[in-house]
Amino acid sequence: MKLSHFQFDLPKELLAEYPAENRDEARLMVIDRKKGTIEHKMFKDVIDYFDDGDVLILNNTKVFPARLYGNKEKTGARIEVFLLRELNSEQRLWDVLVDPARKIRIGNKLYFGDDDSLVAEVIDNTTSRGRTLRFLYDGSYEEFRNKLTELGETPIPKYISRDVTPEDAERYQTIYAKEEGAVAAPTAGLHFSKHLLKKLEIKGIKFAEVTLHVGLGTFNPVEVEDLSKHKMDSEELKITQEACDIVNEAKAKKKRICTVGTTSMRAVESSVSSQNTLNPFDGWTNKFVFPPHDFTIPTCMITNFHTPKSTLLMMVSAFCGHDLMKKAYAEAIKEGYKFYSYGDAMLII
């Protein structure tokens, strides 16, 4: 498969600027790989496709308010600082992206908040937009983290052209988010309401939670025609023994195992044993799933509609089959499905 196989024309008006009014009332396209059929449903109908003992694999990462705005010393220029990850909690070192980057050099200081109570010093250049910052704050580590949360805003994706609203803090987060560390939401999970999860639980569906802290690399378009040459950013991943037990028991009983989102899929595919069971994992993964790929654990997946040339689209192609995926996407565009982070969903069985 080549990069050009993943190009398609996506009308701009199909990029979702806002989520559906109710989480579980987004649209749901159901694709049956065996039959080659496409059905149109509501997301809450997803319950009809699962039975007692089936498993949903959820990514319980939690998005933190990663986008800050500061002012450069002397000039007062407004600078966006996007927190990627903490490098050292004692020294308050962070890996960040800055914009505009050309103005930010080693030794520069940035001031945050109306009272300039938080200061950061640039101590290294990592990439063209990447910097290492040391935060200076008069207070305990907990107070410092609270200050970051207070000053930061929800890191909704750049394609959304509107300003952040207070609702985004709730809606750009899954209701089962627990482990803080993501700078982008695992968006397929945004469609689950408390009510729907409860109904699934009552029906006997089990939940296996994994933690993959989604980085900005998830939005990086592929730029090489030969997909095998593409390098994924590494992301932190944790899979517990408890999650493995739930998944492996369901696999042994030939139950339906569904990864909720491309991040859950990448998590699982990063830790398959030689016996084709799920292994515990604690570390970093840069697994890139693209066709052809042999999936041994998940029997179905829930995912949103992705943008052209994205690694996410390549994973869906590998799981769904390329021709069926292309047919489904053509139909989604024709039917006006919403794409991307706040968009509609697809269930592939």
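In case you missed it, the structure is sitting above this.
Keep in mind the model is a prediction, meaning the values are calculated, not measured. (Residues numbered from 1 in each chain as written. Predicted model: local features only at pLDDT ≥ 70, side-chain atom pairs only at ≥ 80, totals over all residues. Heavy atoms only, no water.)

Caption draft 1: Examining the overall build of the chain more closely. Counting its secondary structure elements, the chain contains seven helices and 17 strands. Its C-alpha atoms give the chain principal-axis dimensions of roughly 65 × 45 × 40 Å. Out of the 349 residues belonging to the chain, those deemed buried represent 52%. Nonlocal contacts in the chain, meaning residues at least 24 apart in sequence, comprise 71% of its contacts between residues at least 6 apart. As presented, the chain carries roughly 16,200 Å² of accessible surface, and 46% of it is formed by carbon and sulfur atoms. Taking the 49 positively charged and 53 negatively charged side chains of the chain as two groups, their mean positions are separated by 4 Å. (Helix = DSSP H or I, 4+ residues; strand = E, 2+ residues; numbered from the N terminus. Buried < 20%, exposed > 50% of the residue type's maximum accessible area, 1.4 Å probe, protein only. Contact = heavy atoms within 4.5 Å. Areas by Shrake-Rupley, 256 points an atom, 1.4 Å probe, with all protein chains shown as cover. Lys, Arg positive; Asp, Glu negative; His and termini not counted. Charge placed at Lys NZ, Arg CZ, Asp CG, Glu CD.)

Caption draft 2: Region of the structure containing empty space enclosed by the protein. According to the stated counting rule, one finds four cavities of 30 Å³ or more in the structure shown. Of the volumes computed, that of the largest cavity is approximately 180 Å³. Lining the largest cavity are 19 residues, and of these A185, T187, T218, T262 and L312 lie nearest its centre. The residue makeup of the lining of the largest cavity, split by class, is ten nonpolar, nine polar and no charged. Of the volumes computed, that of the second largest cavity is approximately 70 Å³. Looking at the second largest cavity, the residues that line it are P19, A20, N22, R23, A26, R171, L190, H191, S341, Y342 and G343. Its residues assigned to classes, the lining of the second largest cavity shows five nonpolar, four polar and two charged. (1 Å grid on protein atoms, 1.4 Å probe; cavity = no way out; pocket = protein on both sides within 12 Å on 5 of 7 lines; lining within 4 Å. Points joined across faces, edges and corners; volume = space filled by probe spheres on them. Nonpolar A, V, L, I, M, F, W, Y, C, P; charged D, E, K, R; others polar.)

Caption draft 3: Structural view of the nonpolar core. By size, the foremost hydrophobic cluster in this structure holds 46 residues, and its most contacted members are M29, I31, F339 and M346. Mapped onto this core, the elements with two or more residues apiece are β1 (27–32), α6 (311–320), α7 (322–334) and β17 (345–348). Sort the elements by how many residues they give to this core and α6 lands first, with seven residues. The residues contacting M29, other than those within four sequence positions of it, are I38, E39, H40, F305, A328, E331, A332, Y337, A345, M346 and L347. (Core = buried A, V, L, I, M, F, W, Y, C linked by side-chain atoms within 4.5 Å.)

Caption draft 4: Representation of the sheet that holds strand β9 (residues 118–125) within the structure. In space, the six strands of this closed barrel follow the order β5-β6-β7-β10-β9-β8, with antiparallel pairing throughout. When strand polarity is set aside, the average angle formed by the axes of neighbouring strands in this sheet is 45°. Strand direction decides the pairing type here: strand β5 (residues 67–72) and strand β8 (residues 109–112), joined by three bridges, are antiparallel. Bridge pairing in β8 links G70 to F112. (Pairing = 2+ DSSP bridges. Axes fitted to C-alpha atoms, helices over the stretch in contact; angles between N-to-C directions.)

Caption draft 5: Main features of the packing of helix α5 (residues 262–269) against α6. Between α5 and α6, the least distance of the axes is 11 Å, while the angle of their chain directions is 70°. Taken together, the axis directions place α5 and α6 in an arrangement best described as roughly perpendicular. In this structure, α5 crosses over α6, and the sense of that crossing is left-handed. Mapping the contact onto sequence places T262, M265 and R266 in α5 and L312, M315 and F319 in α6. (Parallel < 35°, antiparallel > 145°, perpendicular 65-115°, else oblique. Left-handed = near helix turned anticlockwise from the far one by under 90°.)

Caption draft 6: Layout of unusual backbone geometry. The omega torsion of the bond from D99 to P100 falls at 0°, within 30 degrees of zero and hence cis. Tracing the sequence through the fold places P100 in the loop between β7 (93–99) and β8. Of note, the bond from P291 into P292 is cis; its omega dihedral lies within 30 degrees of zero at -5°. With respect to the helices and strands, P292 occurs in the loop between β15 (281–285) and β16 (300–304). Positive phi, close to 70°, is recorded for K74, a residue that is not glycine. Looking at the secondary structure, you find K74 in the loop between β5 and β6 (78–88).

Caption draft 7: Region of the structure containing the pairing of β9. Bridge analysis of β8 against β9 gives four bridges, and the strand direction is antiparallel. Within β9, the position partnered with F112 by the bridge is L118. As consecutive antiparallel partners, β8 and β9 are separated by five residues, and within that stretch G113 has a phi angle of approximately 85°, a positive value. Both β9 and strand β10 (residues 130–136) contribute to a ladder of six bridges, which runs antiparallel. Residue A120 lies in a different strand from β10, and its bridge partner there is F135. Connecting the antiparallel pair β9 and β10 is a turn made up of four residues.

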